[in-house]
2 protein chains.
Amino acid sequence: MNKLLGVLGGMGPLATVDFLHKLIEETPASRDQEHVPVIAYSVPQMPDRPPAIVGNGESPLPHMLAGIHTLKNAGAQAIAIACNTAHYWFDDLSREGGLPILHMADAACDALGGATRVGLLATEGTVAAGFYQARLAARGIECVLSSGDDQRDLVLPAIEHIKRNELVEAHALALCAVRRLLDNGAQSVVMGCTEIPLAIEYATSDVSAHCIDATRALARACVGWWRAP
Amino acid sequence: MNKLLGVLGGMGPLATVDFLHKLIEETPASRDQEHVPVIAYSVPQMPDRPPAIVGNGESPLPHMLAGIHTLKNAGAQAIAIACNTAHYWFDDLSREGGLPILHMADAACDALGGATRVGLLATEGTVAAGFYQARLAARGIECVLSSGDDQRDLVLPAIEHIKRNELVEAHALALCAVRRLLDNGAQSVVMGCTEIPLAIEYATSDVSAHCIDATRALARACVGWWRAP
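Keep in mind that this is a model prediction, so the values were computed, not measured. (Residues numbered from 1 in each chain as written. Chains lettered and ligands numbered in written order. Predicted model: local features only at pLDDT ≥ 70, side-chain atom pairs only at ≥ 80, totals over all residues. Heavy atoms only, no water.)

A.B. asks: What exactly am I supposed to notice about the sheet that holds strand β6 (residues 142-145) of chain A here?
C.D. replies: Adjacent strands of a sheet form backbone hydrogen bonds with each other and so pair up, either parallel or antiparallel. Residues and elements named next belong to chain A. Across the sheet, which stays open at both edges, the 4 strands sit in the order β6-β5-β7-β8 with parallel pairing between neighbours. In this open sheet, the two edge strands, each paired with only one partner strand, are β6 and β8 (211-213). For this sheet the average axis-to-axis angle between neighbouring strands, irrespective of direction, equals 30°. In this sheet, β8 lies alongside strand β7 (residues 188-191) in parallel orientation, the contact comprising 3 bridges. (Pairing = 2+ DSSP bridges. Helix = DSSP H or I, 4+ residues; strand = E, 2+ residues; numbered from the N terminus. Axes fitted to C-alpha atoms, helices over the stretch in contact; angles between N-to-C directions.)

This is the structure in structure tokens:
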């Protein structure tokens, strides 16, 4: 298993660390040498993703491509992107990056079990990109989205608190956002932004059991890639 | 501040994640772009460090050098090594790697304050290497080491538990090892193995206040390197 996983991170830095941690947790190993070899590029000096999708913000694509090229030159054979919103550029990154990319939304959908109505907690960029909705629809699953008010008052501030390492505030807001989706009929909620699991998992709660962690799902997919012959 | 920090990790993988997490915690930042840009090479498929120092185990030096060369080619301008024991090869890695390396023991000693008797919790490889003892002596500080029995029955098993992600067991053993050093007159204890802070910090305890975290000290030194003009 002489493979090397490249991780395109920095969006944000804490989410990258969370992904790397979950990659370890999802690996059956009793010593160092049994863990997935990784090279992680976490250079957060790039434009924010959502404004480039929903507004007229500068595109982060050249920065992300530079990251993938760096990882490829360093020997990576496949890429995991530790940011849901960045998957808006998945096709460009796959084509111009020259390496297979494990798609986080595919991994998350594989973890859904038998739910027929699934909530999505994500940035406005990921919601606008539509790659979660398309995958859920293809599986015959109805997607429940946060209202515009909830997106503005709960989801977005929760993510911003995480980026400032303010976990208490982020936890309360994210919890509330999940509850609203469950109240609207979602049986499960995909935490489709890598900052959201950090907020939800800050403390134990009754909503955790309903949450699907896209970050952990991607980590599991990466372990599968590494262990496959 | 167009610098890139290279992290030589994988020794072990969880300690690398802990270092990256502490790097974020030690960075004053309110958004992604204010965090230290990092590329981390965490390839744990290399020989264990202690047997190469105290026994006749295969040397990990070629693997570590390959990691530093990969990081240098990827644009890193300085290296942090997220493993105390690996600093046994510091001179070789500095000379043949071609990049400045921030020394973890220098960073830890800078965090000691006014202690005159300091305990060292470390692998047998780090203890045999002597770089902590030399630095403490140069500052006129007496070094208190674990007894051979405590090294075998407490320190080593604590580290092995961490590498298997068995935090409860590791915590109890590491706590006991710190208490023994304090009982022997140490005023502070340097956690001079990157697995030890993971064990100690798993739960709150009265010994934490006496512990100096070499991993966090190195993270702080790296933030200083990045922010320096």
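Read on for the rest.
A.B. asks: Help me out: how do you make sense of the side chain of T215 of chain B in this one?
C.D. replies: Tracing the backbone through its elements, the reader meets T215 of chain B in helix α11 (residues 214-227). Residue contacts for T215 of chain B: discarding those within four places in its chain leaves D18, F19, K22, M104, T194 and P197 of chain B. (Contact = heavy atoms within 4.5 Å.)

A.B. asks: What should I look at first to understand the domain arrangement of chain A in this one?
C.D. replies: Interface size is often expressed as the accessible area that is lost when the parts come together. Residues and elements named next belong to chain A. When the domains of chain A are assigned, the result is domain 1 (5-103 + 217-227) and domain 2 (106-214). Contacts between the two partners involve 21 residues from domain 1 and, on the opposite side, 26 residues from domain 2. Contact with domain 2 buries surface across domain 1, with N84, H103 and A217 losing the most and accounting together for 37% of the total. Counting across the interface, domain 1 meets domain 2 through 2 salt bridges. With a closest N to O distance of 3.3 Å, E201 and K22 form a salt bridge. At the junction of domain 1 and domain 2, the tally comes to 13 residue pairs in polar contact (both at pLDDT 80 or more). (Domains from an automatic or database assignment. Buried area = accessible area lost by both parts, 1.4 Å probe. Salt bridge = Lys/Arg side-chain N within 4 Å of Asp/Glu carboxyl O. Polar contact = N/O pair within 3.5 Å; in protein donor to acceptor, adjacent residues only side chain to side chain.)

A.B. asks: Even after reading the chapter, I still don't get the relation of the copies chain B and chain A, so can you show me in this structure?
C.D. replies: The operation relating the pair of chain copies consists of a rotation about an axis and a translation along that axis. Between the two copies, chain B and chain A, the superposition gives an RMSD of 0.0 Å; the rotation angle is 180° and the shift along the axis is 0.0 Å. Both copies are brought into coincidence by an operation consistent with a two-fold rotation axis. Rotation axis and chain B: the residue whose C-alpha lies nearest the axis is A40 of chain B, separated from it by 2.5 Å. When the interface residues of chain B are mapped onto chain A, 97% of them again fall at the interface, so both copies present the same face. (Least-squares fit on C-alpha atoms with pLDDT ≥ 70 in both.)

A.B. asks: Just checking my understanding: could you explain unusual backbone geometry for this structure?
C.D. replies: Leaving glycine aside, a negative phi is the common case for residues, and trans is the common case for peptide bonds. Residues and elements named next belong to chain A. Following M11, the chain continues to G12 via a peptide bond in cis, the omega torsion being -5°. Structurally, G12 is set in the loop between β1 (5-9) and α1 (13-25). Unusually for a residue other than glycine, N165 sits at a positive phi of about 60°. Of note, N165 is situated in the loop between α8 (148-163) and α9 (167-183). By relative accessible area, N165 is classed as partly exposed at 34%. (Buried < 20%, exposed > 50% of the residue type's maximum accessible area, 1.4 Å probe, protein only.)

A.B. asks: Would you explain the packing of aromatic side chains in this entry?
C.D. replies: For any pair of aromatic rings, the description consists of the separation of the ring centres together with the inter-plane angle of the planes. Enumeration according to the criterion identifies 4 aromatic pairs over all chains in this entry. The interplanar angle of 35° and the centroid separation of 5.4 Å between the aromatic rings of F131 of chain A and Y132 of chain A together place this pair among those described as tilted. Of the two residues, F131 of chain A and Y132 of chain A, both sit in the buried class. With centroids separated by 4.8 Å and ring planes inclined at 85°, the aromatic side chains of Y88 of chain B and W89 of chain B adopt a geometry described as edge-to-face. Its end group placed over the ring of W225 of chain B, K3 of chain B keeps NZ or CZ at 5.0 Å from the ring centre. (Phe/Tyr/Trp six-rings, centres within 6.5 Å; stacked < 30°, edge-to-face > 60°. Lys NZ or Arg CZ within 6 Å of the ring centre and 35° of its normal.)

A.B. asks: Quick question: what am I supposed to make of helix α7 (residues 131-138) of chain A here?
C.D. replies: In an α-helix, one turn spans 3.6 residues; hence positions three or four apart end up facing the same way. Residues and elements named next belong to chain A. Buried within α7 are the following residues: F131, Y132 and L136. All buried residues of α7 lie within an arc of 130° about the axis, which places them on one face of the element. Facing away from the buried side of α7 by more than 90 degrees, the exposed set consists of A137 and A138. Positioned one or two residues after α7, G140 has a phi angle of 70°, which is positive. (Arc of directions from axis to C-beta.)

A.B. asks: Is there a simple way to think about the interface of chain B and chain A in this case?
C.D. replies: Contacts between chain B and chain A engage 37 residues on the former and 36 residues on the latter. Across the chain B to chain A interface the summed buried area is about 2800 Å²; carbon plus sulfur atoms make up 58%. On the surface where chain B and chain A come into contact, there are 4 salt bridges. Put simply, D32 of chain B and R49 of chain A hold a salt bridge, and the shortest N to O gap is 3.3 Å. Broken down by secondary-structure element, the contributors of at least two residues to the side of chain B that touches chain A are α1 (13-25) and β2 (38-42) of chain B.

A.B. asks: Help me out: how do you make sense of the nonpolar core in this one?
C.D. replies: Buried together is how nonpolar side chains tend to be arranged in soluble globular proteins. Formed by 122 residues in total, the largest nonpolar core has its most connected members in F19 of chain A together with F19 of chain B. Sequence-distant contacts of F19 of chain B, defined by excluding residues within four places in its chain, comprise V7, A80, A82, T215, L218, A219 and C222 of chain B. L61, I68 and I79 of chain A together with L71 of chain B belong to the second-largest nonpolar core, a separate cluster that totals 50 residues. (Core = buried A, V, L, I, M, F, W, Y, C linked by side-chain atoms within 4.5 Å.)

A.B. asks: What should I look at first to understand the confidence of the model for chain A in this one?
C.D. replies: Note: predicted coordinates in regions of low pLDDT should not be interpreted at a detailed level. Here chain A averages 95 in pLDDT, while 100% of its residues score no lower than 70. Under the prediction, the complex receives an ipTM of 0.94, its pTM being 0.95. (pLDDT = per-residue confidence, 0-100.)

A.B. asks: Teacher, can you tell me more about the environment of C143 of chain A here?
C.D. replies: Residue and element names in this part refer to chain A. As for its placement among the helices and strands, C143 is situated in strand β6. Classification of C143 by relative accessible area gives partly exposed; the value is 24%. A sequence separation of 27 residues divides C143 from T116, and the C-alpha atoms of the two residues are 8.6 Å apart. Beyond its immediate sequence surroundings of up to four residues, C143 is in contact with V118, L120, Q133 and L136.

A.B. asks: Explain the pattern of salt bridges to me, please; I cannot follow it from the model alone.
C.D. replies: Opposite charge on two side chains allows them to pair when their charged atoms are near. In the structure shown here, the tally under the stated rule is 40 salt bridges over all chains. As a salt-bridge pair, R152 of chain B and D153 of chain B come within 3.0 Å of each other at their nearest N and O atoms. Using a relative accessible area of 39% as the deciding quantity, one classes D153 of chain B as partly exposed. Three or more residues joined by partner-sharing salt bridges are found here, namely D18, K22, E201 and D213 of chain A.

A.B. asks: Before we go on, may I ask you to explain the sheet that holds strand β3 (residues 78-81) of chain B in this structure?
C.D. replies: With mixed pairing, 8 strands are arranged side by side in an open sheet as β4(A)-β3(A)-β1(A)-β2(A)-β2(B)-β1(B)-β3(B)-β4(B). Edge strands, defined here as strands with exactly one partner in the open sheet, are β4 (101-102) of chain A together with β4 (101-102) of chain B. Taken together, the 5 bridges between β1 of chain A and strand β2 (residues 38-42) of chain A define a ladder with parallel strand orientation. Paired with G6 of chain A across the two strands is I39 of chain A, which belongs to β2 of chain A.

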